[in-house]
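Each chain, letter by letter, is given below.
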Amino acid sequence: QVQLAESGGDLVQPGGSLRLSCVASGNISSISDMAWYRQALGKQRELVARLTSGGSTRYSGSVKGRFTISMDNAKNTVYLQMNSLKPGDTAVYYCNVAGRISIFKCFESWGQGSQVTVSS
């Protein structure tokens, strides 16, 4: 009932920047928790950044200071600004959004994944 559409993945040189976007659509009453995960080839999916509706943020140690998660509430869109990209950031990035459809029903949805490749 709630769909997420990601965009912004690309090939970028080391030191470059990218911004990923994730638009949530459907019967959304409220959004409580937004996050970006990534999964590199042969590795487990890991949390990159999380943002709560109250404004609290959490970042993995490997991206802290380089990545920023934010949200445009009016557009139901969550962003991941990635700066000073490194080859080790190469992965498929997934957005994850949780919230409520009604006072009786919650939702949690995943995006389709966006490939980010950092290489010269």
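None of the values given here were measured: they were computed from a predicted structure.

I'd like to hear about the nonpolar core, residue by residue, with values.
Burial of nonpolar side chains together is a common tendency in soluble globular proteins. Grouped together as the largest cluster of nonpolar side chains are 29 residues, with contacts concentrated most on Trp 36, Val 48, Phe 67, Leu 80, Met 82 and Tyr 93. Contact partners of Phe 67, with chain neighbours within four places excluded, come to Arg 38, Val 48, Tyr 59, Leu 80, Gln 81, Met 82, Asn 83, Leu 85, Asp 89 and Tyr 93.

Give a description of the pairing of strand E8 (residues 77–82) that names residues and reports values.
Extensive coverage of E8 is indicated by the burial of 5 of its 6 residues. Sheet topology note: the strand E3 (residues 18–26)/E8 ladder contains 6 bridges and is antiparallel. Bridge pairing links Leu 20 to Leu 80 in E8. Two elements, strand E7 (residues 67–72) and E8, share 6 bridges in a ladder whose sense is antiparallel. Considered in E8, the bridge of Thr 68 is made with Gln 81. The antiparallel hairpin formed by E7 and E8 contains 4 residues in its connecting segment, where Asn 76 sits at a positive phi of about 50 degrees.

Describe the side chain of Ser 60, naming the residues involved and giving the relevant values.
Here Ser 60 shows up in the loop between strand E6 (57–59) and E7. Those residues in contact with Ser 60 that lie beyond four places of it in its chain are Leu 47 and Val 48.

Lay out the packing of aromatic side chains with the relevant residues and their values.
Per the counting criterion, the structure on display carries 1 aromatic pair. With a centroid separation of 5.0 Å and an interplanar angle of 55 degrees, the aromatic rings of Tyr 37 and Trp 110 are classed as tilted. One end of the pair, Tyr 37, is in strand E4 (residues 30–39); the other, Trp 110, is in strand E10 (residues 106–110), with 73 residues separating them in the sequence. Given the relative accessible area of 37%, Trp 110 is considered partly exposed. Arg 45 extends its terminal NZ or CZ atom over the ring of Tyr 94, reaching a point 3.8 Å from the ring centre. The ring centre of Trp 110 lies 4.8 Å from the NZ or CZ of Arg 45, which sits over that ring.

Explain the state of the cysteines to me, and be specific about the residues and the numbers.
With the rule as written, the count across this model stands at 1 disulfide. Its sulfur unpaired, Cys 106 is 18 Å from the next cysteine sulfur, which belongs to Cys 22.

I'd like a rundown of the sheet that holds strand E1 (residues 2–7), residues and numbers included.
Spatial strand order, E1-E3-E8-E7: 4 strands in an open sheet with antiparallel pairing. The strands lining the two open edges of the sheet, one partner per strand, are E1 and E7. Going from strand to strand, the sheet's axes swing by 15 degrees on average, the running direction of each strand aside. Of the strand pairs in this sheet, E1 and E3 are connected by 6 bridges, and their pairing is antiparallel. Residue pairing for E3: Ser 7 is matched across the bridge by Ser 21.

Can you tell me about the pairing of strand E11 (residues 114–118), naming the residues and giving the values?
Every second residue of E11 is oriented toward a common face, the buried set being Ser 114, Val 116 and Val 118 and the non-buried set Gln 115 and Thr 117. As defined by bridge partners, strand E2 (residues 11–12) adjoins E11 across 2 bridges and the pair is classed as parallel. Directly across from Val 12, in E11, lies its bridge partner Val 118. Pairing of strand E9 (residues 91–100) with E11 involves 3 bridges; the strand directions are antiparallel. Its bridge partner lying in E11, Ala 91 is registered against Val 116.

Cut-off values and rules
- Residues numbered from 1 in each chain as written.
- Predicted model: local features only at pLDDT ≥ 70, side-chain atom pairs only at ≥ 80, totals over all residues.
- Heavy atoms only, no water.
- Core = buried A, V, L, I, M, F, W, Y, C linked by side-chain atoms within 4.5 Å.
- Buried < 20%, exposed > 50% of the residue type's maximum accessible area, 1.4 Å probe, protein only.
- Contact = heavy atoms within 4.5 Å.
- Helix = DSSP H or I, 4+ residues; strand = E, 2+ residues; numbered from the N terminus.
- Pairing = 2+ DSSP bridges.
- Phe/Tyr/Trp six-rings, centres within 6.5 Å; stacked < 30°, edge-to-face > 60°.
- Lys NZ or Arg CZ within 6 Å of the ring centre and 35° of its normal.
- Disulfide = S-S within 2.5 Å.
- Axes fitted to C-alpha atoms, helices over the stretch in contact; angles between N-to-C directions.

Function-wise, these values are silent; they only describe arrangement.
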